[in-house]
Amino acid sequence: MARWLRAPVPWLCCYLCLVFLGAARAHARQAKPWERGEEAAGSALLAPRHYERLQKHLGTVSALSKRYWRLVACRLWQEECEGEEEEEEEEEGVAVITEEEGEGKAALETQGWHMPAMREILSSWYCSFGKCCATGDCRVTNDIAGLELDLSRRLHGQHLAKDVVVKAIQGFLETRQPEKALALSFHGWSGTGKNFLARLIAEHLYRDGIKSECVKVFISLFHFPHPTYMDLYKAQLAKQISETVQLCQQSLFIFDEVEKLHVGLLDAIKPYLDHYDSTDTVDYRRSIFLFLSNNGGNIINEVALDFWRAGRAREEITMEYLERYLRTELLDSADEDSAYSHILEENLIDFLVPFLPLEYRHVKLCARDAFLARDLLFTEEALDEVARMMVFVPKEEKLFSAQGCKLVSQRISYFLP
């Protein structure tokens, strides 16, 4: 009976110490002055107390039995202990440890603590030190397979964008020493999926998606609205890019409405896209830049319309064929006051990613996704009704949705009970 009681104690101690440690860390995070505003002064006064409490928890964890810590670690990360098992089997007391482990696990489960739950908690804590992640940084997931699957299910009518983005990002991530940061430029009408794809990329490359501290989003007219403040914007932008890359070597920067980005900001972006080993001792070659623009949408639509009139499927449009027209259109319509025009002219963009105009059938698929996202029941008639609410162009053919899928979610509101 005594041995049965003794077995789970280290397990419980380990678990409780880690929980308290996590609570202390979470509480310390809540006390940041820039997050708490008026409580900043009070948080500063409490800092020594938090530090002492954190020290105490760390000391408790360090003082835990080495034998039981190794037992927990081997239960969670068995591949790291395979080489040690043969040596341990030669030592005395292995049978006793195994027996205690089994009894301890059973005792924990009778009290409501299950190994899967403990494994998840301890793995999250262990991973916070970056020791168990294939990328070396647990904020970075790089789930290319998941991205490809999500694109096939949720990005409609964009076979070119799917193919180019997956191949470009996968090739970039698999390159041990890239020559430069990866720069992708998304082009097409509003509502065709540019922002949606950018968000999916963030979700599958980073644990926290678009909210990750490794991801920064800039909207030209929102973040840089006043031409008279360009010098200030330029300094702020360069600082933010530099600080983000220092924080996360693999950073993602998304520039929306890039055609409206003032030329004064060119010097703040160009150094990070060019072929430099480092800038200010920071290596930016692992960064990814996404530029989103409506420019080029008209020529993309013309090519798609020509294929339809010729009786050819849009899926027959190849990247090689379309890129010629798109690149020419972008260079011919280049605005000297736009920073993006200079970036394009200097060949700092690695891949142009065209987004084709969406047809009636694609709008219906977007409507289906919107219903499913809200857990609403729908019928084929409801999908047709949503699609008919959209405006289609040209006037004669009424083939392409003028708003793409951008307003579909709002149209779903008409069907709410």
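Because the structure is a prediction, the values reported are computed rather than measured. (Residues numbered from 1 in each chain as written. Predicted model: local features only at pLDDT ≥ 70, side-chain atom pairs only at ≥ 80, totals over all residues. Heavy atoms only, no water.)

Enquirer: Run through the state of the cysteines, naming residues and quoting values.
Expert: Tallying each qualifying case throughout the model produces 2 disulfides. Covalently, Cys214 is tied to Cys248 through a disulfide, its sulfur atoms 2.2 Å apart. Looking down the S-S bond of the Cys214 and Cys248 bridge, the torsion is -70°, so its handedness is left-handed. In this pair, Cys214 sits in the loop between helix H11 (194–205) and strand S2 (215–219) while Cys248 sits in the loop between helix H13 (230–247) and strand S3 (252–256), placing the two residues 34 residues apart along the sequence. With a relative accessible area of 0%, Cys248 lands in the buried category. Across a sulfur-sulfur distance of 2.0 Å, Cys366 and Cys405 are joined as a disulfide pair. (Disulfide = S-S within 2.5 Å. Helix = DSSP H or I, 4+ residues; strand = E, 2+ residues; numbered from the N terminus. Buried < 20%, exposed > 50% of the residue type's maximum accessible area, 1.4 Å probe, protein only.)

Enquirer: Go over the packing of aromatic side chains, please, and point to the residues and values.
Expert: What describes a pair of aromatic rings is the distance from one ring centre to the other and the angle between the planes of the rings. Per the counting criterion, the structure on display carries 15 aromatic pairs. Counting every residue linked through ring pairs, the aromatic cluster contains Phe218, Phe224, Tyr229, Tyr233, Phe253, Phe255, Phe289, Phe291 and Tyr340. Geometry around Phe172 places Arg286 over its ring, the cationic atom sitting 5.8 Å from the centre. (Phe/Tyr/Trp six-rings, centres within 6.5 Å; stacked < 30°, edge-to-face > 60°. Lys NZ or Arg CZ within 6 Å of the ring centre and 35° of its normal.)

Enquirer: How would you sum up the sheet that holds S2? Please name residues and give values.
Expert: Within a sheet, neighbouring strands are paired by backbone hydrogen bonds and run either parallel or antiparallel to one another. Sheet architecture is open: 5 strands sit in the order S2-S3-S4-S1-S5, paired in parallel fashion. Every interior strand has two partners, whereas the edge strands, S2 and strand S5 (351–354), have only one. Along the sheet, successive strands turn relative to each other by an average axial angle of 15°, direction set aside. Summarising the sheet, S2 and S3 pair through 5 bridges and their orientation is parallel. Note that in S3 the partner of Phe218 across the bridge is Phe255. (Pairing = 2+ DSSP bridges. Axes fitted to C-alpha atoms, helices over the stretch in contact; angles between N-to-C directions.)

Enquirer: Tell me about the nonpolar core, and please be specific about residues and values.
Expert: The biggest cluster of nonpolar side chains holds 78 residues, and the ones touching the most others in it are Phe186, Ile201, Phe255, Leu290 and Phe291. No other element matches helix H10 (residues 159–174), which puts 9 residues into this core. Dropping the residues within four chain positions of it, Phe186 is found in contact with Val165, Lys194, Leu197, Ala198, Ile201, Leu290, Phe291, Leu292, Ser293, Val353 and Phe355. Counting residues in each nonpolar core, the second largest holds 16 residues, with Leu358, Ala367, Leu383 and Val408 among its members. (Core = buried A, V, L, I, M, F, W, Y, C linked by side-chain atoms within 4.5 Å. Contact = heavy atoms within 4.5 Å.)

Scope: geometric values only; no functional claims are made or implied.
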